[in-house]
Amino acid sequence: MPSLKFAVLAGDYIGPEVMAEALRVLQVVAQRENLRLDYTEAAVGGAAIDRHGSALPESTLKICAAADAILFGSVGGPKWEKLPPKEQPERAALLPLRKHFTLFANIRPGLLYRELTDASPLKTARIPDGIDIVCIRELTGGLYFGKPKETTTLPDGDVQAVDTMVYRKSEIERILVTAIATARARKKKLCSIDKANVLETSVLWRKTVTDYCAQHAPDLVLSHMYVDNAAMQLARDPNQFDVFVTENMFGDILSDEMAVICGSLGMLSSASLGAGKNSRGLPFGLYEPAGGTAPDIAGKGIANPCAQILSAALMLRYSFGLETVATRIEAAVKKAVTSGTRTGDIAFGKPSVATRAMTDAIISNF
Ligand code: NAD
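Residues numbered from 1 in each chain as written. Predicted model: local features only at pLDDT ≥ 70, side-chain atom pairs only at ≥ 80, totals over all residues. Heavy atoms only, no water.

A. Main features of the site of the ligand. The ligand sits among 20 residues. The nearest are Val 75, Glu 90, Gly 292, Ala 294 and Asp 296. Here an oxygen atom of the ligand and a side-chain polar atom of Glu 90 are 2.5 Å apart. In isolation the ligand exposes 810 Å². Once the protein is present, 69% of that is buried. A per-class count over the shell around the ligand returns 9 nonpolar, 8 polar and 3 charged. (Near = heavy atom within 4 Å. Polar contact = N/O pair within 3.5 Å; in protein donor to acceptor, adjacent residues only side chain to side chain. Areas by Shrake-Rupley, 256 points an atom, 1.4 Å probe, with all protein chains shown as cover. Nonpolar A, V, L, I, M, F, W, Y, C, P; charged D, E, K, R; others polar.)

B. Up close: the environment of Ile 14. Within the element layout of this structure, Ile 14 appears in helix H1 (residues 14–33). A residue is classified by how much of its surface remains accessible, and Ile 14, at 10% relative accessible area, is buried. Separated by 281 residues in the primary sequence, Ile 14 and Pro 295 place their C-alpha atoms 6.9 Å from one another. Excluding its chain neighbours within four sequence positions, the residues that come into contact with Ile 14 are Gly 292, Thr 293, Ala 294, Ile 297, Ala 298 and Ala 303. (Helix = DSSP H or I, 4+ residues; strand = E, 2+ residues; numbered from the N terminus. Buried < 20%, exposed > 50% of the residue type's maximum accessible area, 1.4 Å probe, protein only. Contact = heavy atoms within 4.5 Å.)

C. Representation of the sheet that holds strand S1 (residues 3–11). Spatially, 10 strands are ordered S2-S1-S3-S12-S11-S4-S5-S10-S8-S9 in an open sheet, and the strand pairing comes out mixed. The open sheet is flanked by strand S2 (36–41) and strand S9 (221–226), the only strands paired with a single partner. For this sheet, the mean angle separating the axes of adjacent strands, direction not counted, is 25°. Across 4 bridges, strand S8 (residues 189–194) lies against strand S10 (residues 243–246) in parallel orientation. Looking at S10, one finds that Ile 193 is bridged to Thr 246. Against the sheet, helix H5 (residues 169–184) touches strand S4 (105–112), strand S5 (131–138), S8 and S10, its axis set at about 165° to S5. Along the sheet face, helix H9 (residues 306–318) touches S1, strand S3 (69–74), S4, strand S11 (269–277) and strand S12 (283–289) and points at about 170° away from the line of S12. (Pairing = 2+ DSSP bridges. Axes fitted to C-alpha atoms, helices over the stretch in contact; angles between N-to-C directions.)

D. Just the packing of helix H7 (residues 227–236) against helix H8 (residues 248–261), in detail. One way to put it is that H7 packs onto H8 with a least axis distance of 10 Å and a crossing angle of 10°. Comparing their axes, H8 and H7 come out roughly parallel. Note on element contacts: H8 touches H7 through Phe 250, Leu 254, Glu 257, Met 258 and Ile 261, opposite Val 227, Ala 230, Ala 231, Leu 234 and Ala 235. Partitioning the contact of H7 with H8 into residue classes produces 9 nonpolar, no polar and 1 charged. (Parallel < 35°, antiparallel > 145°, perpendicular 65-115°, else oblique.)

E. Quick look at the nonpolar core. The biggest cluster of nonpolar side chains holds 88 residues, and the ones touching the most others in it are Phe 6, Leu 190, Phe 244, Leu 316 and Val 333. Counting the residues that make up this core, at least three belong to each of domain 1 (1–106 + 268–366) and domain 2 (121–261). Excluding residues that lie within four positions of it along the chain, Leu 190 makes contacts with Leu 176, Ala 179, Ile 180, Ala 183, Cys 213, Leu 220, Val 221, Leu 222, Ser 223, Val 243 and Val 245. One finds Ile 49, Ala 55, Phe 72 and Trp 80 within the second-largest nonpolar core, a separate group that totals 22 residues. (Core = buried A, V, L, I, M, F, W, Y, C linked by side-chain atoms within 4.5 Å. Domains from an automatic or database assignment.)

F. Looking closely at the domain arrangement of the protein. Along its sequence, the protein is carved into domain 1 (1–106 + 268–366) and domain 2 (121–261). Each of domain 1 and domain 2 was reduced to a C-alpha centroid, and the two centroids are 24 Å apart. Across the contact, 10 residues belong to domain 1 and 11 residues belong to domain 2. Both faces combined, the contact of domain 1 with domain 2 buries some 1100 Å², and carbon together with sulfur accounts for 65% of it. In this assembly, domain 1 and domain 2 are joined by 0 salt bridges. Its residues assigned to classes, the side of domain 1 that touches domain 2 shows 5 nonpolar, 3 polar and 2 charged. (Buried area = accessible area lost by both parts, 1.4 Å probe. Salt bridge = Lys/Arg side-chain N within 4 Å of Asp/Glu carboxyl O.)

Here is the structure:
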């Protein structure tokens, strides 16, 4: 019986609530598909600060390193907001985790089912068939990691802060491999987003994308767009994109815009893949919902578990090569969310929706 070895890092607030539901789905999937779940839970984020004094303890890193994939919840929240910025859960756990495993390729599907177009702030006439696009975000370079990154007091007493945006050609090329593969599996359309009219890193980005695609992906329709225009175009006509690829900070912002036009943070999953291969020769990856810890609804049993369950499906697809099983989970989520009278409520995690009931509906549709 094939064994699925993964680390479970649930995190804070709704993290453990939705993680419990994803594990419940995986248990059923494993039973029906004759798979063995071999997962180890480890502390991360605020929970790890409380227990071990660090947001990303060495013991957690070891458990992750021994696994084939990481299923991640979300970290942070008001309880730890008074800590110095460098010690806050998101900065001290998620960013180092991405860096440690070189998880440079973030794949975020932006999916809004046709039946739920009402959930989007966009007019239904603009998205009659819902939304189905993919954001590929470079995750370990650019402004979030470049050095120097510091705040200094100048001789005249003024205070200055510096962040540095750095990209190497090789970093751009490796994210393109993921972007090209994703575009090829869909409509063979790739839009690269940059700010080449202003930024040196973007000039290099655009030239590298153009040259690399000409050589390695002449079958794709490649386009380029400035990030400010892309932000507008996403709100105007999101489906003009099929797959877009962009650097770290632009991707951070655009993927959140994508989340809002898709109606609910509670529905969006993501995969962050690294250079390393796992024991199955497949990409080692970290799989997490697009949203945060939602402290405002934590403990009420109303968090939407779909994003976490869909993240588990992505894990089965990319890190375990179980494409058919992943597709079946995605179909079960779609059916559960779009059938019945509670669909809009379910998508938004309103109080009338019980987290467990949503999972039960997904399980019954698997
Ligand atoms: P958030 O994503 O946690 O919540 C924004 C809104 O969306 C809230 O109203 C919340 O109730 C709702 N929401 C989010 N997920 C939901 C779900 N599954 N079901 C139903 N509703 C859901 O963003 P925030 O409030 O800005 O951040 C809260 C905390 O989460 C902060 O500490 C932040 O740093 C952290 N955060 C962590 C991650 C991560 O771990 N990857 C990402 C983003 C934010």
